[in-house]
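This is what each chain is made of:
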Amino acid sequence: MSDPVLHDVVIVGAGPVGLFLAIELETAGVKPLVLERLLEPDRGIKAAAIGAVGVEALERRGFARALDEEQVTMPMTKAARAGSGPVKKPGGHFSALFVIDQDLQRDPERHSRMVPQEALERILTARASELGIEIRRGVAVEGFEQDDDGVTVQTSAGPLSAKYLVGCDGGRSRVRKLAGFEFPGTDPTITGYQALVEFDAPEKLVKGWQRTPRGLITSIPGRVFTAEFDGPPPDRDAPITQAEVEASIQRVSGTDVKILSMSKATRWTDNARQATTYLMGRVLLAGDAAHVHSPFGGQGLNLGLIDAANLGWKLAAAVKGRDHLLGSYTAERHSVGARVLENTRAQVALVRPDPLTSALRTIVSDLIKLPEGNRHIGEMLSGVGVLYDLGDDDPLVGTLAKDRLLTLAGGGEERLYALMEKGGGLFVSPSERSLPQNVHHAHTKEGPSMLVRPDGCVAWTDASSTSLDEALARWF
């Protein structure tokens with residue numbers, strides 16, 4: 001049966017990127033409809049943590065308490081509360097070379113959250129429900145047509161129409177393929193496994209990341225990760241058996257350890273591809289639908305959440321008739337995605353099991369131990385080094401604003417992110433001035449002044465080479 005409603009935006013995919021994009025649109029006053037082909041959320045093994053800038057995007061929309069509550073249920077945090085000391089916040093790893101020393105980071109308070117993707121999806125689904133966002137499960141996209149006025153989508157439940165269509169449907173995106181987006185990149189060279197297991201003799205496996213003559217393995221209680229450089233799996237969709245995971249662990253570790261039970265498992269590889277544009281007419285891509293890469297460095301979830309944050313307010317403006325901002329979505333996010341693909345390719349190259357790579361790893365390891373090398377890698381992995389080119393000489397313009405406490409002119413204090421929970425832009429300044437309706441004025445006791453976009457990007461400061469009027473006209 002045909003859906004008679006003209007939807008503002010149809011989002012395909014109810015993973016964290018699709019859900020967060022829907023929340024961003026709703027916050028900006030636009031009604032999204034989310035379609036998901038699965039009847040229930042995917043319970044496969046996913047990201048174990050959220051990177052710094054992804055955390056900040058969520059905190060700007062009021063998710064800090066929910067993230068706190070999920071984080072305290074994590075085993076490491078329970079151990080800390082039981083008396084084993086505070087949980088150290090790692091800076092991540094680059095090809096199994098760890099970036100841990102937070103005092104070497106420029107902003108040590110900007111950190112990841114040990115909240116798994118499955119928990120994040122629960123949090124986002126609950127908020128979507130509170131906002132009245134409709135999620136239709138068990139609905140697959142079969143095709144679509146677009147024109148200057150909108151998109152007609154053919155689904156397994158019948159046709160529907162929308163002003164815009166966004167594919168947030170993962171690395172094998174149906175939306176991307178149907179629309180004809182180019183998706184160039186590099187072919188896979190690895191067969192990897194990640195599994196939740198119980199071993200007969202876990203002491204046979206050396207703790208931590210181990211690079212061996214046959215590949216890479218890491219094992220923590222209940223979880224194992226392997227990588228073998230013998231090409232991609234012959235069939236990524238074939239059911240994963242306990243025997244094949246056990247065989248991979250034995251080959252890479254050189255032990256005869258056996259798996260007693262396996263509750264979950266996934267295959268992975270290092271296929272690295274990126275759409276040449278994230279926008280074709282009225283169809284857009286975000287998250288893994290726009291870019292795929294290996295899991296090294298744990299950057300995929302972070303990257304997708306910031307895609308959604310960058311796109312949400314711009315797409316909401318387009319729905320309301322101001323579509324001039326949409327071009328900046330690809331311009332800003334494509335280069336960020338390309339850098340992630342490059343650093344994950346570099347990480348694959350650095351972990352190959354051969355003597356030449358071993359020599360290179362020694363040099364890179366020495367560089368990472370230096371303060372500047374540590375900072376550079378840490379900022380790259382966490383995303384806090386993101387810089388959009390907004391054509392301004394001020395190095396702060398184009399960065400993502402971190403949270404801070406503001407002293408208000410009328411008395412009292414308020415955190416910057418708390419003032420952004422309801423969306424819109426934020427002008428932080430002691431000066432009085434007329435502002436567009438969608439820009440809130442945080443009237444502070446003293447300067448400096450700055451203009452922050454809804455996605456947290458600093459658009460202007462009082463040290464800018466452009467005027468405030470120009471920045472307001474451009475973005476609002």
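Scroll up for the structure.
Note that the structure is a prediction, hence the values are computed from the model and not measured.

Cut-offs used in this document
Residues numbered from 1 in each chain as written. Predicted model: local features only at pLDDT ≥ 70, side-chain atom pairs only at ≥ 80, totals over all residues. Heavy atoms only, no water. Helix = DSSP H or I, 4+ residues; strand = E, 2+ residues; numbered from the N terminus. Contact = heavy atoms within 4.5 Å. Areas by Shrake-Rupley, 256 points an atom, 1.4 Å probe, with all protein chains shown as cover. Lys, Arg positive; Asp, Glu negative; His and termini not counted. Charge placed at Lys NZ, Arg CZ, Asp CG, Glu CD. Buried < 20%, exposed > 50% of the residue type's maximum accessible area, 1.4 Å probe, protein only. Polar contact = N/O pair within 3.5 Å; in protein donor to acceptor, adjacent residues only side chain to side chain. Patch = residues over 30% accessible without salt bridge, like charges linked within 9 Å, V, L, I, M, F, W, Y side chains within 5 Å. Salt bridge = Lys/Arg side-chain N within 4 Å of Asp/Glu carboxyl O. Pairing = 2+ DSSP bridges. Expected span 1.5 Å × (residues − 1). Bend = angle between axes of the 7 residues up to and from the residue. Axes fitted to C-alpha atoms, helices over the stretch in contact; angles between N-to-C directions. Left-handed = near helix turned anticlockwise from the far one by under 90°.

Engineer: Before we move on, could you go through the overall build of the chain and cite the residues and values that matter?
Structural biologist: When helices and strands are tallied, the chain shows 12 helices and 24 strands. Expressed along its principal axes, the backbone C-alpha trace of the chain runs to roughly 70 × 55 × 45 Å. Nonlocal contacts in the chain, meaning residues at least 24 apart in sequence, comprise 69% of its contacts between residues at least 6 apart. Looking at the chain as shown, the accessible area adds up to about 21,300 Å², and 53% of this sits on carbon and sulfur atoms. Positive and negative side-chain charges of the chain, numbering 53 and 62 respectively, have mean locations separated by a distance of 3 Å.

Engineer: Please give an account of the side chain of T461 that cites residues and values.
Structural biologist: The topology assignment puts T461 in strand β24 (residues 458–461). Judged by its relative accessible area of 3%, T461 is buried. Looking at T461, its side chain comes within polar contact range of the side chain of D394, at 2.3 Å.

Engineer: Which residues make up a negative patch on the surface, and what values go with them?
Structural biologist: On the surface, E145, D147, D148 and D149 cluster together to form a negatively charged patch. Overall, D148 belongs to the exposed group, its relative accessible area being 71%.

Engineer: Tell me about the pairing of strand β10 (residues 191–199), residues and numbers included.
Structural biologist: The side chains of a regular strand alternate, residue by residue, between the two faces of the sheet. Taking burial as the measure, the 9 residues of β10 include 7 buried ones, the bulk of the element. Two strands pair when backbone bridges link them, and β10 and strand β13 (residues 223–228) are joined in this way by 6 bridges, in the antiparallel orientation. Paired with T191 across the strands is E228, a residue of β13. Bridging between β10 and strand β14 (residues 259–268) involves 8 bridges; their strand directions are antiparallel. Paired with A195 across the strands is A265, a residue of β14.

Engineer: Help me get a handle on helix α8 (residues 300–319), residues and values and all.
Structural biologist: Look at α8: 28 Å from first C-alpha to last across 20 residues, which is about the 28 Å you get at 1.5 Å a residue. Of all the bends found along α8, the most pronounced is centred on L311 and spans about 30°. Here α8 lies mainly inside the structure; 19 of its 20 residues are buried. Of the residues one or two after α8, G321 is the one with positive phi, at around 100°.

Engineer: Help me get a handle on the packing of helix α3 (residues 64–71) against helix α5 (residues 117–130), residues and values and all.
Structural biologist: One way to put it is that α3 packs onto α5 with a least axis distance of 11 Å and a crossing angle of 145°. Crossing of α3 over α5 shows right-handed handedness. Here A66, L67 and E70 of α3 come into contact with α5, specifically with A119, R122 and I123.

Engineer: I'd love a proper account of the sheet that holds strand β15 (residues 272–274), names of residues and values included.
Structural biologist: The strand order across the open sheet built from 3 strands is β9-β15-β18, with neighbouring strands paired in antiparallel fashion. Each edge of the open sheet carries a strand with a single partner, namely β9 (185–186) and β18 (291–292). With 2 bridges connecting them, β15 and β18 associate as antiparallel partners. Note on β18: the bridge partner recorded for Q274 is H291.

Engineer: I'd love a proper account of the side chain of T226, names of residues and values included.
Structural biologist: Mapped onto the fold, T226 is located in strand β13. We classify T226 as buried; its relative accessible area is 1%. At 3.0 Å, the side chain of T226 and the side chain of S248 are in polar contact. Excluding residues that lie within four positions of it along the chain, T226 makes contacts with G192, Y193, L216, I217, S248, I249 and W268.

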